[in-house]
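# Descriptive structure summary
Spelled out, the chains give:
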Amino acid sequence: MTTNEYTVALAGNPNTGKSTLFNVLTGLSQHTGNWPGKTVVYAEGFFTYNHNRYKMVDLPGTYSLYSNSADEEVARNFIIFGKPDVTIVVLDATALERNLNLALQVLEMTSSVIVCLNLMDEAKKKGIRIDAGKLAEKLGVPVVPISARNKEGIDALLKTIDAMVCGKIKTKPIVVRYSPEIEQCMEKLIPRVKEVIGDAYPARWVALRLLDGDMSLLHAFYKLFPSKKEATVYACDGSAKSI
Amino acid sequence: MPSVKLQRLSEAEEGEHFRIEKLDIKDGTMKRRLLDLGFVPGCEIIVLQKSPLGDPTAYRVSNTTIALRKEESDHIYGERICDDNK
Ligand SMILES: Nc1nc2c(ncn2[C@@H]2O[C@H](COP(=O)(O)OP(=O)(O)OP(=O)(O)O)[C@@H](O)[C@H]2O)c(=O)[nH]1
Ligand SMILES: [Mg+2]
């Protein structure tokens, strides 16, 4: 039996139970790692399920992924450049409104997403009922209710991860539409972005970040591409500004 | 329904509820950050506690406690809802 290794990242707002879920899945076999060049630490751990080996990465909790802080930059760079096979967005089921903001940001960055509704026990206590099926339909990705601390729903989550890496789940992430003005700019910018960075990165998301003047992302791309490409990345930024 | 005069979040007192109407902020990064933290038009927040010097102030926003400085709360406009109205 062949064994494949997959990377699964855990993203979410602070205090939503990411590390708790991480520990449930990996046992105590975790160690901490440094994202190159950064002092911010994230934890890495491993587990095996259905003959596949998984590397779990516990990202710092953030309210956003626009890299307003070192934590946000670490989480964002991992999702974009680390290219995890699956990104699990851990949401606090008792505060969905706030948590969905980050979920939507992640869905703009990658389509291999599983939304995990954690703290379902708390939600039940508070009389909050969530139609996970309906939410999955709206978001276009699987939604799995769990209670990490009580180890509830973990089996269903593992099955979903397994099905996703085996290609048995086709996701269709919701696309957030912006004002006509922004959408028009994007229409012009996206082909340019694809020319420069290829299909390996989410062009729509990159275009949005460029329109927003996101210099830290631009710098991350400079580092990634050989110097000859710098000019083109600059050109891309230039055309973003001129649009 | 009578129209209400909008007030700044920074004017709300401890214990008061406040319904956010708009964020009047030119600085895109600050606006984005406040929205990400949950200071979204339409939502109701609670003024938890002012620090001894009056700044920053802690707010209850969508189930989380978040502290803002006056330079941030000055730009958030809405309606103060005093507790006896509740
Ligand atoms: N009731 C309940 N509490 C939980 C559950 N999962 C986690 N918690 C608690 O929530 C708190 C935060 O959990 P963490 O796992 O540290 O959260 P985190 O997302 O890693 O937090 P950051 O690393 O700060 O972003 C802890 O006190 C956990 O015990 C759950 O399913 N139900
Ligand atoms: Mg943690």
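As a reminder, the structure under discussion sits directly above these lines.
A short tour of the structure in this document, coming up. The structure presented is a predicted model; accordingly, all values stated were derived computationally and were not measured.

Once that is clear, we can look at the overall build of chain B. Helix and strand counts for chain B come out as two helices and six strands. Its helices and strands in sequence order give chain B the pattern β-β-α-β-β-β-α-β, from N to C terminus. For 86 residues, the compact-globule estimate of 2.2 N^0.38 gives 12 Å, and the C-alpha radius of gyration of chain B, at 12 Å, lies within 12% of that figure. With respect to the three principal axes, the spread of C-alpha positions in chain B is 35 × 30 × 25 Å. Every one of the 86 residues in chain B was classed for burial, and the buried ones make up 37%.

Here we take up the sheet that holds strand β6 (residues 76–81) of chain B. Residues and elements named next belong to chain B. A sheet is described by the order of its strands in space; here six strands give the open sequence β1-β6-β2-β3-β4-β5, paired in antiparallel fashion. At either margin of the open sheet sits one strand with a lone partner, and together these are β1 (7–8) and β5 (64–68). Strand direction decides the pairing type here: strand β3 (residues 44–50) and strand β4 (residues 57–61), joined by four bridges, are antiparallel. Bridging from a neighbouring strand, Lys50 pairs with Thr57 of β4. Contacting β2 (17–23), β4, β5 and β6, helix α1 (residues 28–37) crosses the sheet at an angle of about 145 degrees to β2.

To continue, consider the pairing of β2(B). Residues and elements named next belong to chain B. Taken together, the three bridges between β2 and β3 define a ladder with antiparallel strand orientation. Of the residues in β3, the one forming a bridge with Phe18 is Ile45. Note: β2 against β6, six bridges, orientation antiparallel. Within β6, the residue paired with Lys22 across the bridge is Tyr77.

Turning our eyes to something else, we now look at the interface of chain A and chain B. Contacts between the two partners involve 11 residues from chain A, matched on the other side by 11 residues from chain B. Of the roughly 910 Å² buried at the junction of chain A and chain B (both faces included), carbon and sulfur atoms supply 40%. It is A:Tyr63, A:Asn68 and A:Arg98 that lose the most area in chain A upon contact with chain B, and together they represent 57% of the buried surface on that side. At the junction of chain A and chain B, the tally comes to zero salt bridges. Linking chain A with chain B are eight residue pairs in polar contact (both at pLDDT 80 or more), by the criterion used here. Of the residues that constitute the side of chain A that touches chain B, the class distribution is three nonpolar, five polar and three charged.

On to unusual backbone geometry, then. Residue and element names in this part refer to chain A. If you check the backbone angles, Asn15 has positive phi at about 70 degrees while not being a glycine. Note on placement: Asn15 falls in the loop between β1 (5–12) and α1 (18–26). Assessed through its relative accessible area of 74%, Asn15 is described here as exposed. Residues other than glycine seldom take positive phi values, yet Asn50 does so here, at roughly 50 degrees. Inspection of the secondary structure assignment puts Asn50 in the loop between β3 (41–49) and β4 (52–58).

Right, let's get into the site of ligand 1. Residue and element names in this part refer to chain A. Contacts to ligand 1 come from 16 residues, most closely from Lys18, Ser19, Thr20, Asp121 and Ala148. Here an oxygen atom of ligand 1 sits 2.9 Å away from a polar atom, N or O, in the main chain of Ser19. The backbone of Ala148 places a nitrogen or oxygen atom 3.0 Å from an oxygen atom of ligand 1. Surface burial for ligand 1 is 73%, taken as the share of its 650 Å² of free accessible area covered by protein chains. Sorting the residues of the shell around ligand 1 by element identifies α1 and α4 (120–125) as the ones contributing at least two each. Top contributing element to the shell around ligand 1 by residue count: α1, with three residues.

Thresholds applied
- Residues numbered from 1 in each chain as written.
- Chains lettered and ligands numbered in written order.
- Predicted model: local features only at pLDDT ≥ 70, side-chain atom pairs only at ≥ 80, totals over all residues.
- Heavy atoms only, no water.
- Helix = DSSP H or I, 4+ residues; strand = E, 2+ residues; numbered from the N terminus.
- Rg over C-alpha atoms; globule rule 2.2 N^0.38 Å.
- Buried < 20%, exposed > 50% of the residue type's maximum accessible area, 1.4 Å probe, protein only.
- Pairing = 2+ DSSP bridges.
- Contact = heavy atoms within 4.5 Å.
- Axes fitted to C-alpha atoms, helices over the stretch in contact; angles between N-to-C directions.
- Buried area = accessible area lost by both parts, 1.4 Å probe.
- Salt bridge = Lys/Arg side-chain N within 4 Å of Asp/Glu carboxyl O.
- Polar contact = N/O pair within 3.5 Å; in protein donor to acceptor, adjacent residues only side chain to side chain.
- Nonpolar A, V, L, I, M, F, W, Y, C, P; charged D, E, K, R; others polar.
- Near = heavy atom within 4 Å.
- Areas by Shrake-Rupley, 256 points an atom, 1.4 Å probe, with all protein chains shown as cover.

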